[in-house]
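Structural overview
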Protein chains: 2
Amino acid sequence: MYNFEYKNPVKIIFGKGTIAKLTGEVPSGTKIMMTYGGGSIFKNGVYDQVKKALEGFDVVEFGGIEANPTYETCMKALEVVKKEQTGFLLAVGGGSVLDGTKFIAAAALYEHGDPWKILSGEEKAPVTRALPIGTVLTLPATGSEMNGNSVISRTSTQEKMSFGSAAVMPRFSILDPETVFTLPDRQVANGVVDAFVHVMEQYLTFPVNAPLQDRMAEAILQTLIEEGPKVLANRTDYEAAANFMWSATMALNGLIGVGVPQDWATHGIGHELTAYHGIDHARTLAIVLPGLMNIRRREKEAKILQYGERIWGITDGTPDARIDQTIARTTGFFEQMGIPTTLSEYGVTDSTIGKIENRFARRNTLMGENKDIDSRLTRTILTDRL
Amino acid sequence: MYNFEYKNPVKIIFGKGTIAKLTGEVPSGTKIMMTYGGGSIFKNGVYDQVKKALEGFDVVEFGGIEANPTYETCMKALEVVKKEQTGFLLAVGGGSVLDGTKFIAAAALYEHGDPWKILSGEEKAPVTRALPIGTVLTLPATGSEMNGNSVISRTSTQEKMSFGSAAVMPRFSILDPETVFTLPDRQVANGVVDAFVHVMEQYLTFPVNAPLQDRMAEAILQTLIEEGPKVLANRTDYEAAANFMWSATMALNGLIGVGVPQDWATHGIGHELTAYHGIDHARTLAIVLPGLMNIRRREKEAKILQYGERIWGITDGTPDARIDQTIARTTGFFEQMGIPTTLSEYGVTDSTIGKIENRFARRNTLMGENKDIDSRLTRTILTDRL
């Protein structure tokens, strides 16, 4: 096991009817900006529950944070924050609303010029301060409710970039599994696959003798495999929704990643597919991961075999045969959730692969647990998924 | 799954050579009281490492916090805190030093009279404030380094009582697995069994459809079963020490217990064996747990069978035969660690059982996940272990 530091002070309030607890969690004496997305919270009753809990508080609203939240939208929100002098941000929505709100919170107190520097390039200046945030999660997927990560897109340049800072960890996050009841199939499927790949990024690398982290990662994978299809089949199965929701949070609150190598190349490559084609984040992961497993089968052999055996019960055959079966089972699970896993199913051709290769070459991108996945290897991985 | 709230802001600093990081974690500008136990930190070099990291800080020392830390000793420490006006407590040691220091920290700011009220009886007044604490852990076992729990004994009345408060969660805890290298067999064995039973208290109850919590609990149990004997056999196996240390912390930082019923009767009964006979805490748990499993086999049937199958691979026979085998394997593991599991091996007779029964009857004690383990059932459980 590697040395590590871990601190996660997010207060989780989990369960049925917990949105009403907002009243005791948001600060009084400061104006609150409530952020949300495209309006699903008006249809599922969450907006009304939140507004009821916030009666008597000074609240301004900022709606319209889109999936793959953009720098452009966040900068508009920042104007409202400054004009209204809001001292607390309450994000109500899924990972996109939460990520966007984290960026707004950091940008509001950023002292190094254009907030785009938070996300990009050599000038990246670390975020040490941010407005305090609380969240009401309506879509289990990204884990953003219990970490300090945020991913932001820039429409004008077709870029998708990320930052992480303890300063943007939510003070509290309210997770009511009943919010899952009204999600469309597509968002359930995306959420399950997103959480699944978050675990894989922290697990499917090389062994460093960290058996507890391995088993906790496997615990989440197994639970997502069991509960995901239940949620898809019966949206009002509260127990399945709750298990899915808690698994998605645990998948990316930092705990399974302590003391072990991490990959994140699937995300790095996937972000480009979203940037160029607008493909849903989780779907890009479902495309890339099988290619990464296939092309990096030697480097990841020990962990792929362990994953295949413990999660899918694959124990027979040569290592390569077992790896093939394991990739097929993984792809099969994504497809079972209704998610296509090849580029051609999304209309992506070799020309996009070329653009991504060029961009990574220009940026000297090196990804993966060994920092050896470069532009050329990215081409190989994506070509495997055509 | 039940509704739950979870917040654990303890900063964990884990790994080889991390004691030096104290310098950046303790506050400057206030006097620090460094607490420790019987002096093992002088033999294993930890004292020197801590003092070196604290060079330039204003430090007063309080040594001599005993195993099963007493109210009497803590009250002496409290006098030093008041006289020296210390603003930060640094606990260097195992669970006893940490628990004692938590009580001192709470007592220092307690406003309801005699601090014994923090621990006892109807007048128990909640702890909402405490001096800030940091810890350097030298003995993996209790999990005290990442929770707000503390257990204190009172010599004069042969009582052992506990309290819990978020106010006494450490600001940081430094976990260097190399501190395990110099532990005697007895403390390694105790630590492994203590952590094991902490998991069982949160796991071996009844199913509430919380598969992730179950699997995470099983992950810790399995890791302790694998790594515990390795540590016992080779004290300088760093990897085994690290895996043991992290498992013990994860066993009682609250995470596996969210949203599920909890038992804690083994601890409740075990504390009485320590109070009356001074038996090491972990050893009392190794005595009581098999009795509890045997006597509560119907109430706990589903979870005992799951535990037997997933941890010990027991799948054949009638439920009762499988439960018998599962109890035998559990007891066998404790004995493999060198810990006797029957009362007679510790010279405890029926007369002590009578005393415990009477005390619980007087207190109207009701324990366990169903709050139905009373004084009479306690007699039955202990008699099973004579």
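Bear in mind the structure is a predicted one, so any value in this text is a computation, not a measurement. (Residues numbered from 1 in each chain as written. Chains lettered and ligands numbered in written order. Predicted model: local features only at pLDDT ≥ 70, side-chain atom pairs only at ≥ 80, totals over all residues.)

A few words on the overall build of chain A. Within chain A, the secondary structure is distributed over 14 helices and eight strands. Scaling as 2.2 N^0.38, a compact globule of 386 residues should have a C-alpha radius of gyration of about 21 Å, and chain A matches this with 20 Å. Structurally, chain A occupies a C-alpha span of about 65 × 45 × 45 Å along its principal axes. For chain A, restricting intrachain contacts to residue pairs at least 6 apart in sequence, the fraction spanning at least 24 positions comes to 79%. (Helix = DSSP H or I, 4+ residues; strand = E, 2+ residues; numbered from the N terminus. Rg over C-alpha atoms; globule rule 2.2 N^0.38 Å. Contact = placed C-beta atoms within 7 Å.)

This brings us to the packing of helix H9 (residues 265–277) of chain A against helix H13 (residues 350–363) of chain A. Residues and elements named next belong to chain A. Close contact between H9 and H13 brings their axes to 11 Å; oriented N to C, the two are set at 120°. Between H9 and H13, the interaxial angle falls into the category oblique. Judged by the twist between their axes, the crossing of H9 over H13 is right-handed. Contacts from Glu 272, Tyr 276 and His 277 of H9 reach H13 at Thr 352, Lys 355, Ile 356 and Arg 359. When the residues that make up the contact of H9 with H13 are grouped by side-chain class, the tally is two nonpolar, two polar and three charged. (Axes fitted to C-alpha atoms, helices over the stretch in contact; angles between N-to-C directions. Parallel < 35°, antiparallel > 145°, perpendicular 65-115°, else oblique. Left-handed = near helix turned anticlockwise from the far one by under 90°. Nonpolar A, V, L, I, M, F, W, Y, C, P; charged D, E, K, R; others polar.)

Our next topic: unusual backbone geometry. Despite not being glycine, Asn 364 of chain A shows a phi value in the positive range, around 50°. With respect to the helices, strands and loops of the structure, Asn 364 of chain A is situated in the loop between H13 and helix H14 (375–383). The backbone of Gln 85 of chain B shows a phi angle near 55°, a positive value even though the residue is not glycine. Inspection of the secondary structure puts Gln 85 of chain B in the loop between helix H3 (71–84) and strand E4 (88–93).

To continue, consider the relation of the copies chain B and chain A. You can overlay chain B on chain A at an RMSD of 0.0 Å; the transform is a turn of 180° with a shift of 0.0 Å along its axis. The relationship between the two copies is best expressed as a two-fold rotation axis. For chain B, the smallest separation between a C-alpha atom and the rotation axis is recorded for Pro 9 of chain B, amounting to 2.0 Å. A share of 100% of interface residues in chain B that are also interface residues in chain A marks the association as one of identical surfaces. (Least-squares fit on C-alpha atoms with pLDDT ≥ 70 in both.)

Moving on, we come to the sheet that holds strand E1 (residues 4–14) of chain B. Here we have 12 strands laid out as an open sheet, ordered E3(A)-E2(A)-E4(A)-E5(A)-E8(A)-E1(A)-E1(B)-E8(B)-E5(B)-E4(B)-E2(B)-E3(B), and mixed in their pairing. Each having just a single partner strand, strand E3 (59–62) of chain A together with strand E3 (59–62) of chain B make up the two edges of the open sheet. Going across the sheet, the axis of each strand differs from the next one's by a mean of 25°, ignoring polarity. (Pairing = 2+ DSSP bridges.)

All names here are of chain B. All buried positions along helix H13 (residues 375–383) are accounted for by Leu 377, Thr 378, Ile 381 and Leu 382. Seen from one end, H13 has its buried residues packed into an arc of 135°, which puts them on one side. Looking at the packing, one finds that the buried side of H13 touches helix H8 (265–277), helix H9 (281–295) and helix H12 (350–363). (Buried ≥ 20, exposed ≤ 12 C-beta atoms within 10 Å, placed from the backbone. Arc of directions from axis to C-beta.)

With that settled, consider the domain arrangement of chain A. Residues and elements named next belong to chain A. What the domain assignment lists for chain A is domain 1 (11–178) and domain 2 (184–383). Between domain 1 and domain 2, the C-alpha centre-to-centre distance is 26 Å. Contacts between the two partners involve 17 residues from domain 1, matched on the other side by 24 residues from domain 2. Across the side of domain 1 that touches domain 2, the residue classes break down as seven nonpolar, six polar and four charged. (Domains from an automatic or database assignment.)

Each side of the interface is counted separately: chain B has 31 residues, and chain A has 31 residues. Among the residues making up the side of chain B that touches chain A, the classes are represented as 15 nonpolar, nine polar and seven charged. Bridge count between strand E1 (residues 4–14) of chain A and E1 of chain B: seven bridges; the pairing is antiparallel. Considered in E1 of chain B, the bridge of Asn 8 of chain A is made with Asn 8 of chain B.

Residue and element names in this part refer to chain B. Every second residue of strand E8 (residues 172–175) is oriented toward a common face, with Phe 172 and Ile 174 on one face and Ser 173 and Leu 175 on the other, all of them buried. Both E1 and E8 contribute to a ladder of four bridges, which runs parallel. Across the sheet, the residue bridging to Ile 12 is Ser 173, located in E8. When strand E5 (residues 133–137) meets E8, the two strands line up parallel, connected through four bridges. Bridge pairing links Val 136 to Ile 174 in E8.

Residues and elements named next belong to chain A. In this structure, Gly 191 sits in helix H6 (residues 185–203). Taking the number of C-beta atoms within 10 Å as the measure of exposure, Gly 191 has 27 and is therefore buried. A sequence separation of 54 residues divides Gly 191 from Met 245, and the C-alpha atoms of the two residues are 9.0 Å apart. With sequence-adjacent residues up to four places away left out, Gly 191 is seen in contact with Leu 139, Pro 140, Ala 141 and Ala 248.

Let's shift gears to helix H12 (residues 319–336) of chain A. Residues and elements named next belong to chain A. Between its first and last C-alpha atoms H12 spans 25 Å; for 18 residues at 1.5 Å apiece the expected length is 26 Å, and the two agree. For H12, the full list of buried residues reads Ile 323, Thr 326, Thr 330, Thr 331, Phe 333 and Phe 334. End-on, the buried residues of H12 take up no more than an arc of 150°, which puts them together on one face. Along H12, the residues that are exposed and aim more than 90 degrees away from the buried face are Ala 321, Gly 332 and Glu 335. On its buried face, H12 sits against H6, helix H7 (211–233), helix H10 (281–295) and helix H11 (301–312). Positive backbone phi, at 90°, marks Gly 338, one or two positions downstream of H12. (Expected span 1.5 Å × (residues − 1).)

A separate point is the environment of Arg 329 of chain A. Residues and elements named next belong to chain A. Looking at the element boundaries, Arg 329 is found in helix H12. Overall, the presence of 16 C-beta atoms within 10 Å leaves Arg 329 in the partly exposed class. The spatial distance from the C-alpha of Arg 329 to the C-alpha of Ile 311 is 9.7 Å, given a sequence separation of 18 residues.

Moving on, we get to the packing of H10 of chain A against H12 of chain A. Residues and elements named next belong to chain A. One can describe the packing of H10 onto H12 by two numbers: an axis separation of 10 Å at closest approach and a directional angle of 180°. Judged by the inter-axis angle, H10 sits roughly antiparallel to H12. When H10 is examined against H12, the residues Ala 286, Leu 289, Pro 290, Met 293 and Asn 294 are found in contact with a partner set consisting of Ile 327, Thr 330, Thr 331 and Phe 334. For the contact of H10 with H12, the class distribution of residues is six nonpolar, three polar and no charged.

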